[in-house]
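Reading the structure
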Amino acid sequence: MTSPNTRALRYAVVGAGMAGILAAIKLKERGEDFTVFEKAAKVGGTWRENRYPGLSCDVPAHAYTYTFEPYPEWKAYYATGPDVQDYFQFVTEKYGITPFIRFNTEVAGLDWSDSTSKWTVTLGDGSSETFDVVIAASGVLHHPNVPRIEGLESFEGPAFHTARWDDDAPIDGAKVGLIGSGSTGIQIVTAINKRVEKLVHFQRSPQWVMPVPYFQYSDEEREAFRRDPALIDAIRFSDEYIGNVRRFTDAITDIDGPQMQMIEDICRDYFEQSIRDPELKEKLRPNYRAACKRLIYSWCYYDEVQHPAVFVETGKIARVEPKGVRMADGTFHELDTLVLATGFQADKFIRPAGVTGQGGMTLDAFWAERPTAHYAVTLPHFPNFFMLNGPTGPVGNFSLIDIAERQWDYIDQLIDVLRSGEAASVMPTVEAHAAYEERRIAAAKTTIFGSGCTSWYLDRTGVPASWPWSYDAFADAMARPVMTEYAFKATVTA
Ligand code: NAP
């Protein structure tokens, strides 16, 4: 239920990716005054920035949509990256969001004034504007993690991170080195193995792989989806998807329970039955529990990695040399192109923008130990500042669009208090957030993510930076904020 606006608010939305587009649609529907700041020239966030071969979304396409905008046009059960990007561009146009976006405009700083209860948003060109509310929708995985490997700059061929794909780099008939075996590295193996002369996949840790179905939708099926949206609902709200999400989150929070046992059995059986060569099998056998790192959902990786052009190198990299990579045991891999599928700095969020809240508290200071947010959305000391897909939200193999939509419902109820004129600002109390974090951290340590592996899910202290309870618990928490956990400032003093 939405309350009538008695106080007009100005909103700054930072980022025009999936979550920023969502916020913009919701604000436009209400006739609110908002501006979306986007550092790049196009919408799409991670789907705009990542263009590597094999990029696809491992959440079923019909489930990776806004609930209010099902999409009959998906070409396959799992969409390619370019198809997901098309979807976000389509939605942006359909909902008339483009005129509200300021492209090529980076937010450099956000400063809260207690006297005016407003945020000053400073842009990259030094100009600034004031807003009542900030929606931080700047994404999680967008600052490439470029590994510090000796000699990397000396490589004579193209060497680049996967999120900065170099279209001119030799791939076809070339000797390619690929460092990293997360979701990105695995997808690249499956896409280029038949194009290269040789692919050396430098793998520091092997992955557990969950086998999933893959099929294309025919023209007739797409026509049927257009005529009858119930057919789409039958997929996106199916037990196969929703039930899987519930089972998955039950498993990661009850790591000795039957659901986790099932996930482990499926992954182990698939591994044992798929890899023929005993030497390769030992290289690909993980020594940690399935789902500790983000599970690889794939229908083809185990087939593709056994292609003769692929060599899985599990030795330690000593250094990069002008013509290739030298291993610690002296082995040399001559390469034309070196691809860094080495992931992202997942603790940055809206930074490097400098954010200063109440009493001069900076985001860097507040997050000195680890990035946190109350129920992953709001922060003490930072009034009227709301995060979509912020720190400690649910992570796993499900749609982050659903997460963002639920977070928006929570945010919207808090903003209602501002709209109604009852308060000039809102933020969680220090005590409520500290109590929440204490419970969250204790629970997070017992999830599968904390069961003994490295991953971007862990904060720098080794605690999983994730929602540690069930999906239903998350849905319940987002359905209604606990207002007693919030501090409201009653009047605007200047
Ligand atoms: P990632 O999961 O963080 O994987 C990074 C890889 O690089 C790991 O294998 C890591 O090894 C390796 N690595 C890092 N530094 C290294 C170094 N100095 N030397 C050797 N190896 C090094 O990153 P990602 O694959 O880009 O995926 C990040 C996330 O993006 C995914 O978990 C997922 O959430 C999202 N994503 C989603 C999809 C999708 O289909 N929806 C596709 C791609 C990505 P260790 O494991 O040993 O640390």
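What counts, and at which threshold
Residues numbered from 1 in each chain as written. Predicted model: local features only at pLDDT ≥ 70, side-chain atom pairs only at ≥ 80, totals over all residues. Heavy atoms only, no water. Phe/Tyr/Trp six-rings, centres within 6.5 Å; stacked < 30°, edge-to-face > 60°. Buried < 20%, exposed > 50% of the residue type's maximum accessible area, 1.4 Å probe, protein only. Helix = DSSP H or I, 4+ residues; strand = E, 2+ residues; numbered from the N terminus. Lys NZ or Arg CZ within 6 Å of the ring centre and 35° of its normal. Near = heavy atom within 4 Å. Polar contact = N/O pair within 3.5 Å; in protein donor to acceptor, adjacent residues only side chain to side chain. Nonpolar A, V, L, I, M, F, W, Y, C, P; charged D, E, K, R; others polar. Expected span 1.5 Å × (residues − 1). Arc of directions from axis to C-beta. Contact = heavy atoms within 4.5 Å. Pairing = 2+ DSSP bridges. Axes fitted to C-alpha atoms, helices over the stretch in contact; angles between N-to-C directions. Disulfide = S-S within 2.5 Å. Core = buried A, V, L, I, M, F, W, Y, C linked by side-chain atoms within 4.5 Å.

1. Observations regarding the packing of aromatic side chains
One pass over the structure, following the stated rule, counts 41 aromatic pairs. Seen in terms of ring centroids, tyrosine 77 and tyrosine 78 are 5.0 Å apart; in terms of plane orientation they differ by 80°. Their pairing is edge-to-face. The residues tyrosine 77 and tyrosine 78 share a single accessibility class, namely buried. Relative to tryptophan 299, the ring of tyrosine 214 lies with its centre 4.4 Å away and its plane at 15°, an arrangement referred to as stacked. With a gap of 85 residues between them, tyrosine 214 in the loop between β11 (209-211) and α5 (219-227) and tryptophan 299 in the loop between β12 (296-298) and α10 (301-304) connect regions that are remote in the sequence. On the basis of relative accessible area, tyrosine 214 is assigned to the partly exposed category, the value being 32%. Through pairs of rings, three or more aromatic residues link up here, namely Trp47, Tyr64, Tyr66, Phe68, Tyr71, Trp74, Tyr87, Phe88, Phe90 and Tyr95. The cationic tip of arginine 10 hangs over the ring face of phenylalanine 131; the distance from NZ or CZ to the ring centre is 4.5 Å. Here the guanidinium or amino end of lysine 293 rests over the ring plane of tyrosine 288, the centre of that ring lying 5.6 Å away.

2. Remarks on the site of the ligand
Around the ligand lies a shell of 23 residues, among which Ser181, Thr184, Ser205, Lys293 and Trp456 are the nearest. A distance of 2.8 Å separates an oxygen atom of the ligand from a polar atom in the backbone of serine 56. Here alanine 341 contributes a backbone N or O atom positioned 3.2 Å from an oxygen atom of the ligand. For the shell around the ligand, the leading source of residues is helix α4 (residues 183-192), giving 3 residues. When its residues are assigned to classes, the shell around the ligand shows 8 nonpolar, 11 polar and 4 charged.

3. Remarks on helix α13 (residues 430-445)
Its 16 residues place the ends of α13 22 Å apart at the C-alpha level, agreeing with the 22 Å of an ideal helix rising 1.5 Å per residue. Within the span of α13, buried status applies to Ala432, His433, Tyr436, Glu437, Arg440, Ile441, Ala443 and Ala444. Looking down the long axis of α13, one finds its buried residues gathered within 165° of arc, a one-sided arrangement. Residues of α13 that are exposed and angled more than 90 degrees away from the buried face: Glu431, Glu438 and Lys445. Lining the buried residues of α13 we find α11 (363-366).

4. A few points about the sheet that holds strand β10 (residues 198-202)
The strand order β8-β17-β9-β10-β13 describes an open sheet built from 5 strands, whose pairing is parallel. At either end of the open sheet lies a strand with only one pairing partner, and these are β8 (159-161) and β13 (310-313). Geometrically, the sheet is characterised by an average inter-axis angle of 20° between neighbouring strands, direction not taken into account. Each of β9 (175-179), β10 and β17 (337-340) is contacted by α4, which is oriented at about 170° to β10, the strand it contacts most.

5. Observations regarding the state of the cysteines
What the rule picks out here adds up to 1 disulfide. Residue cysteine 292 pairs covalently with cysteine 453 via a disulfide, S to S 2.1 Å. Between cysteine 292 and cysteine 453 the sulfur-sulfur dihedral comes to about -95°; the bridge is accordingly left-handed. You can see cysteine 292 sitting in the loop between α9 (278-284) and β12 and its partner cysteine 453 sitting in the loop between α13 and α14 (471-479), a full 161 residues away along the chain. Judged by relative accessible area, which is 14%, cysteine 453 ranks as buried.

6. Re the nonpolar core
Counting 117 residues, the largest nonpolar core has Tyr66, Phe88, Ile135, Ile263, Leu284 and Leu295 as the members making the most contacts within it. Of all the elements, helix α12 (residues 400-419) adds the most residues to this core, at 10 residues. Leave out the neighbours within four places in its chain, and leucine 284 touches Gln203, Pro206, Gln207, Phe271, Ile275, Tyr301, Tyr302, Val305 and Val312.

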